[in-house]
Amino acid sequence: MRRWVSDRRKIVLAIASVCVSWTLVAGNVAGAQSAPAQATSVLRQLDGRASPALTAAVTSLADSVARAGLPVAPLVDKTLEGVSKGADQQRIMTAVRAVASELRVARQALGPSSESELSAGIAALRAGSSASSLAQLRHELPGRPLVVPLSVLASLLVDGAPAPSALLAVVSNARQRNDADLLAYGRVVSQDIASGIAPLNAISAPHGATVTTAMTATVYHAPAVATHPTAPKPKP
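My aim in this report is to walk through the structure given alongside it, one point at a time. Being a predicted model, the structure only gives us computed values, none of them experimental.

A count of helices and strands for the chain gives 12 helices and 0 strands. Counting every position in the chain, which comprises 236 residues, the buried fraction comes to 42%. Partitioning the contacts of the chain with sequence separation of at least 6, the portion at a separation of at least 24 is 71%. Carbon and sulfur atoms provide 58% of the accessible area of the chain, an area that totals close to 12,800 Å².

See below:
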């Protein structure tokens, strides 16, 4: 069981790490090619590396994904991963179709998104986040690129933090930190959990951002309760 958790953590965090790296170069490549041209260019990576039958199957699926306005690079990456592991075509296509499904779920939850945001969303979903939590993150952080918040969310979930608490921690910290500081927060929490601190305690340790009553109410869809130090206590 421990080995499975370790392997799952490596996979999810590897995806999240790649997503964060993409944000460093996104500005240099965005808009350089149209979506169909990008899809054709990415699919060429299969030439000479995947069998003709597998390439045809992936291309057919990629066409429908591209028509939906979704990136095809994750499909190609998963295909090449399967080829490198010596998996047969049936297993590879099962995995590739799963990625296509995850892309659709992430897009529906996040709305218009960059490729790196969608991939970070997939990482969060694989870590245990719900689609509604992804949608809530978009709602709570309007106008902010979500690659780093989603990646940190994935990290906290893989480390064992309860999903509602992880979402609240990411929202509260993202509102008070830039991406670099938010990543640093995620690393500190991971180190604390690895040292034996309970996940729920680690994410709310002093290095975390202040969580207000209104913030908690917003994330949990509960009405905020106004408090005042001089207000009389309600009678039983």
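Okay, the environment of V76 next. Turning to its location among the elements, V76 is positioned in helix α4 (residues 73-84). Note on V76: relative accessible area 1%, which makes it buried. Between the C-alpha atoms of V76 and T55, which are 21 residues apart in sequence, the distance is 9.3 Å. Non-local contacts of V76, meaning those with residues more than four positions away in its chain, are made with V42, L43, Q45 and L46.

Turning to the packing of α4 against helix α5 (residues 89-110), a few remarks are in order. Contact geometry for α4 and α5: axes closest at 9 Å, N-to-C directions at 155 degrees. If you check the angle between α4 and α5, you find them roughly antiparallel. Seen from above, α4 lies across α5 with right-handed handedness. Residues P74, L75, K78, T79, G82 and V83 of α4 touch α5, and the partners they reach there are I92, A95, V96, V99, A100 and L103. Residue composition of the contact of α4 with α5, grouped by class: 9 nonpolar, 2 polar and 1 charged.

Tracing the backbone shows P71 in the loop between α3 (52-67) and α4. Not counting residues up to four positions away in its chain, the partners in contact with P71 are V65, L103, E115 and L118.

Enumeration over the complete set of coordinates arrives at 6 salt bridges. A salt bridge links E81 to K78; the nearest nitrogen and oxygen atoms lie 3.3 Å apart. Linking E81 with K78, this pair stays in helix α4, spanning 3 residues, or about one helical turn. Residue E117 is joined to R138 by a salt bridge in which the shortest nitrogen-to-oxygen separation is 3.3 Å. Placement of the pair is E117 in helix α6 (residues 115-127) and R138 in helix α7 (residues 131-140), with a sequence separation of 21 residues. Residue classification places E117 among the buried positions, given a relative accessible area of 7%. A single network of salt bridges, built from pairs that share partners, joins K78, E81 and K85.

The first and last C-alpha atoms of helix α10 (residues 179-194) sit 23 Å apart over 16 residues, in line with the 22 Å expected at 1.5 Å per residue. Listed as buried for α10 are L182, Y185, G186, V189, S190, D192 and I193. What you see down the axis of α10 is that its buried residues fit within an arc of 160 degrees, all on one side. The exposed set on the far side of α10, more than 90 degrees from its buried face, consists of Q191 and A194. Looking at where α10 begins, the residue whose side-chain oxygen comes 3.2 Å from the main-chain nitrogen of A180 is N178. Count one or two residues on from α10 and you reach G196, which has phi positive near 115 degrees.

Criteria and thresholds
- Residues numbered from 1 in each chain as written.
- Predicted model: local features only at pLDDT ≥ 70, side-chain atom pairs only at ≥ 80, totals over all residues.
- Heavy atoms only, no water.
- Helix = DSSP H or I, 4+ residues; strand = E, 2+ residues; numbered from the N terminus.
- Buried < 20%, exposed > 50% of the residue type's maximum accessible area, 1.4 Å probe, protein only.
- Contact = heavy atoms within 4.5 Å.
- Areas by Shrake-Rupley, 256 points an atom, 1.4 Å probe, with all protein chains shown as cover.
- Axes fitted to C-alpha atoms, helices over the stretch in contact; angles between N-to-C directions.
- Parallel < 35°, antiparallel > 145°, perpendicular 65-115°, else oblique.
- Left-handed = near helix turned anticlockwise from the far one by under 90°.
- Nonpolar A, V, L, I, M, F, W, Y, C, P; charged D, E, K, R; others polar.
- Salt bridge = Lys/Arg side-chain N within 4 Å of Asp/Glu carboxyl O.
- Expected span 1.5 Å × (residues − 1).
- Arc of directions from axis to C-beta.
- Polar contact = N/O pair within 3.5 Å; in protein donor to acceptor, adjacent residues only side chain to side chain.

Worth remembering: the numbers are spatial, not functional.
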